[in-house]
Amino acid sequence: MRPGQLQKAGAGSTPGPQAKAETRFELLTHSAAETLEFGRLLAHELLAPCLILLEGDLGSGKTTLTKGIVSGLRLAKEDEVTSPSFALVHEYGQEKKAYHVDLYRIESPQELSTLGLEELFAQPAVVIVEWGEKLGKYATRAQFRIKMEYLASDDRKITVERLAA
Ligand SMILES: Nc1ncnc2c1ncn2[C@@H]1O[C@H](COP(=O)(O)OP(=O)(O)OP(=O)(O)O)[C@@H](O)[C@H]1O
Ligand SMILES: [Mg+2]
C-alpha cells in the first residue's frame, strides 16, 4: 500500500456491528519483514494525536506492525520497539511521541483506569494499543482499527479500518 491509498468502504462492503469504519483496506503479508514495511508506510498516514487499535490473536503480528509504525515515524529503531507486555506502556520519542500499550493482561475497567491513558490521549502523540478491543469507552477516540489474522506460519491478513470521527 502506498500513502493515500486507503479506499472508501463503499457499496459491497459489509457493515458489521461495529459499522463505524469509513474506509477499509485489506492486505496479506508473507513475512514479518513485509508487515514491518506496511507499518512504515502506514506511519505516513498518521497525524498526531492519533489512536490506533490493534486486534488479533497471540502471535498475529501486532507488535511487529507496531515496530514498523514507530520506526516509520522515526521515533525509534525497529529493534528498540519491544512488547510492553510487562510494563504495559512503552514511550518512544521526545518532542514527538508514540506510546505502545499492551492490554493483554488487563481484566477490568478498574485496572484500565490505573494506566493513565487519559494523560496519553491528552498529548499530541500516536498511541498504539494492542488488544484494543479491551479499551472500552476510550475506543471511541480511535482513528484506526487494525485487525491481524494468522493464516499460516508466515502469512497474515491485515485489515485496516479508518474510523469515522
Ligand atoms: N507476515 C507476518 N507478519 C507479522 N509477523 C510474522 C509474519 N510471519 C511471521 N511472523 C512472526 O510472527 C510473530 C508475531 O509476533 P508478534 O509479537 O508481532 O505478535 P503479537 O500479535 O504482538 O503477539 P502478542 O499477542 O503475544 O503480543 C513474530 O515472531 C514474527 O516474526
Ligand atoms: Mg504483542
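Further up the page is the structure itself.
Residues numbered from 1 in each chain as written. Chains lettered and ligands numbered in written order. Predicted model: local features only at pLDDT ≥ 70, side-chain atom pairs only at ≥ 80, totals over all residues.

### With respect to the overall build of the chain
Reasoning step 1: Within the chain, the regular secondary structure consists of four helices and seven strands.
Reasoning step 2: Going residue by residue from the N terminus, the α and β elements of the chain occur as β-α-β-α-β-β-α-α-β-β-β.
Reasoning step 3: In the chain, which comprises 165 residues, the proportion classed as buried is 34%.
Reasoning step 4: Sequence separation of at least 24 residues holds for 66% of the intrachain contacts in the chain that already meet a minimum separation of 6. (Helix = DSSP H or I, 4+ residues; strand = E, 2+ residues; numbered from the N terminus. Buried ≥ 20, exposed ≤ 12 C-beta atoms within 10 Å, placed from the backbone. Contact = placed C-beta atoms within 7 Å.)

### Concerning the site of ligand 1
Reasoning step 1: Taken together, 19 residues lie near ligand 1, and Thr 35, Gly 61, Lys 62, Thr 63 and Thr 64 sit nearest.
Reasoning step 2: Secondary-structure elements contributing two or more residues to the shell around ligand 1 are helix 1 (32-43), helix 2 (62-72) and strand 7 (155-163).
Reasoning step 3: In terms of residue class, the shell around ligand 1 is built from two nonpolar, eleven polar and six charged. (Near = placed C-beta within 6 Å. Nonpolar A, V, L, I, M, F, W, Y, C, P; charged D, E, K, R; others polar.)

### Here's the deal with the sheet that holds strand 7
Strands belonging to one sheet form pairs held by backbone hydrogen bonds; the direction of such a pair is parallel or antiparallel.
Reasoning step 1: Spatially, the seven strands line up as an open sheet ordered 1-7-6-2-5-4-3, and their pairing is mixed. Here the strands that pair on one side only, and so sit at the sheet edges, are strand 1 (21-29) and strand 3 (89-92). Direction aside, neighbouring strands of the sheet carry axes that sit 15° apart on average.
Reasoning step 2: Pairing geometry for strand 3 and strand 4 (residues 98-102), over four bridges, is antiparallel. Paired with Val 89 across the bridge in strand 4 is Val 101.
Reasoning step 3: Its contacts with the sheet put helix 1 on strand 1 and strand 7, and the angle it makes with strand 1 is roughly 150°. (Pairing = 2+ DSSP bridges. Axes fitted to C-alpha atoms, helices over the stretch in contact; angles between N-to-C directions.)

### Brief notes about the pairing of strand 6 (residues 144-152)
Reasoning step 1: Taken together, the four bridges between strand 2 (residues 50-55) and strand 6 define a ladder with parallel strand orientation. Counterpart to Leu 54 in the pairing with strand 6 is Ile 146.
Reasoning step 2: Taken together, the eight bridges between strand 6 and strand 7 define a ladder with antiparallel strand orientation. For Lys 147, the partnering residue across the bridge sits in strand 7 and is Thr 159.
Reasoning step 3: A loop of two residues connects strand 6 with strand 7, the two strands running antiparallel in sequence.

### As for the nonpolar core
Reasoning step 1: Counting 31 residues, the largest nonpolar core has Ile 52, Ala 98, Ile 128, Val 129 and Ile 146 as the members making the most contacts within it.
Reasoning step 2: Only helix 1, strand 2, helix 2, strand 4, strand 5 (126-130), strand 6 and strand 7 provide two or more residues apiece to this core. (Core = buried A, V, L, I, M, F, W, Y, C linked by C-beta atoms within 7 Å.)

### Description of the environment of Asp 102
Reasoning step 1: Looking at the element boundaries, Asp 102 is found in strand 4.
Reasoning step 2: Looking at Asp 102, the number of C-beta atoms within 10 Å reads 23, which means it is buried.
Reasoning step 3: Expressed as a C-alpha distance, the spacing of Asp 102 and Lys 134, which sit 32 residues apart in the sequence, is 9.8 Å.
Reasoning step 4: Apart from residues lying up to four places away in sequence, Asp 102 is in contact with Ser 83, Pro 84, Ser 85, Leu 88, Glu 130 and Trp 131.

### Examining helix 1
Reasoning step 1: For helix 1, which comprises twelve residues, the first-to-last C-alpha distance of 17 Å matches the rise-based estimate of 16 Å (1.5 Å per residue) to within 8%.
Reasoning step 2: Elements that come into contact with the buried residues of helix 1 comprise strand 1, helix 2 and strand 7. (Expected span 1.5 Å × (residues − 1).)

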